[in-house]
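Structure assessment
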Amino acid sequence: MIGQFFRLSLRGVADLRLHPFAQLLTLVAVAMVTLLTGLILLGLHNVNLELLKSRGEVEFQVYWKTGLEESVVLADWEAINKLEHLTKFKTFTPKSALTELASTLGEKGDFSWLAENNPLPYSGLATFAVPPEAQSDGWAARLLTRIKSMPGVDKVNYTPFQADLAQGWMTLSRMVIWPVLGFLALIISLVVHNTIKLSLLTRMDEVEILSLVGARPSYIRWPLLTGGFIQGVLGSGAGIGLVILVHSFIAEAFNFAPFYIEIHFMPIQQLLILGGAVTFVSVISSWVAVKA
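Predicted model only: the values in this text are computed from it and were never measured.

A short note on the overall build of the chain
- Per the secondary structure count, the chain includes nine helices and four strands.
- Counting helices and strands in the order they occur from the N terminus, the chain gives α-α-β-α-β-α-β-α-β-α-α-α-α.
- For the chain, buried positions account for 37% of its 292 residues.
- Within the chain, contacts between residues separated by at least 24 positions form 82% of all contacts whose residues are at least 6 apart in sequence.
- With an accessible surface of roughly 17200 Å², the chain has 67% of that area assigned to carbon and sulfur atoms.

Let's talk about the packing of aromatic side chains
- Tallied over the entire structure, the rule returns three aromatic pairs.
- Between Trp64 and Trp77 the ring centres are 6.1 Å apart and the planes differ by 80°, which places this aromatic pair in the edge-to-face class. Here Trp77 lies in helix H3 (residues 70–81) and Trp64 lies in strand E1 (residues 57–64), a separation of 13 residues in the sequence.
- By way of ring pairs, the aromatic residues Trp64, Trp77 and Tyr122 are connected into one cluster.

Regarding the sheet that holds strand E3 (residues 123–129)
- Pairing in this open sheet of four strands is antiparallel, and the strands run E2-E3-E1-E4 from one edge to the other. Either end of the sheet is taken by a strand with one partner, and the two such strands are strand E2 (86–92) and strand E4 (153–158). Pairs of neighbouring strands in the sheet enclose a mean axial angle of 20°, with direction left out of account.
- Pairing of E1 with E3 involves seven bridges; the strand directions are antiparallel. Following the sheet pairing, Gln61 is matched in E3 by Leu125.
- Sheet strands in contact with H3 are E1, E2, E3 and E4, and its direction is about 165° off that of E2.

Focus on the nonpolar core
- Membership of the largest hydrophobic core comes to 20 residues, with the highest contact counts inside it found for Phe60, Trp64, Phe128 and Ile147.
- Setting aside chain neighbours within four positions, we find Trp64 in contact with Val73, Asp76, Trp77, Ile80, Phe89, Pro121, Tyr122, Ser123, Gly124, Gly152, Val153 and Asp154.
- Counting ten residues, the second largest nonpolar core, distinct from the first, contains Val30, Leu42, Ile240 and Leu271.

Some remarks on the pattern of salt bridges
- Under the criterion given, the structure shown has one salt bridge.
- Of the charged contacts in the structure, one is a salt bridge between Glu78 and Lys82, with a shortest N-O distance of 3.5 Å.
- Using a relative accessible area of 64% as the deciding quantity, one classes Lys82 as exposed.

Focus on H3
- The end-to-end C-alpha separation of H3 is 16 Å, in line with the 16 Å expected for twelve residues at 1.5 Å each.
- At its buried positions, H3 is contacted by E1, E2, E3 and E4.

Some points on helix H5 (residues 139–148)
- Buried residues of H5: Trp139, Ala140, Leu143, Leu144 and Ile147, and no others. The buried residues of H5 occupy one face: seen down the axis, they fall within an arc of 135°. For H5, the exposed residues lying more than 90 degrees away from the buried face are Thr145 and Arg146.

Regarding the side chain of Thr34
- Within the fold, Thr34 resides in helix H2 (residues 20–55).
- In this structure Thr34 comes out as buried when scored by relative accessible area, which is 0%.
- Residue contacts for Thr34: discarding those within four places in its chain leaves Gly235, Ser236, Gly239, Ile240, Val243, Leu274 and Val278.

Details of the UniProt feature "transmembrane region" (unreviewed entry) in the chain
- In this numbering, the UniProt entry assigns the feature "transmembrane region" (unreviewed entry) to residues 20–44, 176–196, 229–250 and 271–290.
- For residues 229–250, helix accounts for 100% and strand for 0%, while the C-alpha atoms at its two ends are 31 Å apart.

Reading guide: rules and limits
Residues numbered from 1 in each chain as written. Predicted model: local features only at pLDDT ≥ 70, side-chain atom pairs only at ≥ 80, totals over all residues. Heavy atoms only, no water. Helix = DSSP H or I, 4+ residues; strand = E, 2+ residues; numbered from the N terminus. Buried < 20%, exposed > 50% of the residue type's maximum accessible area, 1.4 Å probe, protein only. Contact = heavy atoms within 4.5 Å. Areas by Shrake-Rupley, 256 points an atom, 1.4 Å probe, with all protein chains shown as cover. Phe/Tyr/Trp six-rings, centres within 6.5 Å; stacked < 30°, edge-to-face > 60°. Pairing = 2+ DSSP bridges. Axes fitted to C-alpha atoms, helices over the stretch in contact; angles between N-to-C directions. Core = buried A, V, L, I, M, F, W, Y, C linked by side-chain atoms within 4.5 Å. Salt bridge = Lys/Arg side-chain N within 4 Å of Asp/Glu carboxyl O. Expected span 1.5 Å × (residues − 1). Arc of directions from axis to C-beta. UniProt positions renumbered as here; feature names shortened; annotations may be inferred.

Here you go:
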């Protein structure tokens, strides 16, 4: 029994060599829908990361007065570093700010002619972790006033709606985005099903002949189900590989001033669910096509 099971499974793998063009089209379709779903999940994962991060953090972009003495700026930097709940403080001298700006603009960013008369001020990006007990008692506003009152500070940029934006996004995710992704998953299932079914239709003559000579249904169906499983594994693996390739190109796309956003790859759990779901749909599609 076990020997026959392995023989039928190997036959299903070997049968993939039949009608290679139809098999290739099936693999391409499975890989493309996996890529599409993976990119959507990747984008959703990173938006959630950024907005959830901002829920518990407040950022202040601080600019000092132009032409200020370095000692005054250093004293203010030291004072900010001593503030409670500070998690990160990235500082820029006029020279480093000019270099950062030039690197951001690429070939067009040649500002060497400004080196002797740099118009940029000292600046810094201060990130604070909002304490749980201070979510709604004006803590951020008081901190903003304190930073603005420092001797050399010219202006401070601060977005007071980060927490509201994050909360709104979570509500939108629950009520709209996940249902839309569920609908998209249904559409993808239908696409994969129809593609594999069309691929199996090229072998209907073989199935009918085996039925006429008295072959058992399991003898007919198992190699086809094995082929659907292999197509699902290879197609989803290729799609996930394409997602990894796309991520390698865009990971640092927004990691520059003033964004400093690194695009993170999705968790391994989501990858396994994606690959497993596509493979499962491929097997079910093969089963339905054989039954039909």
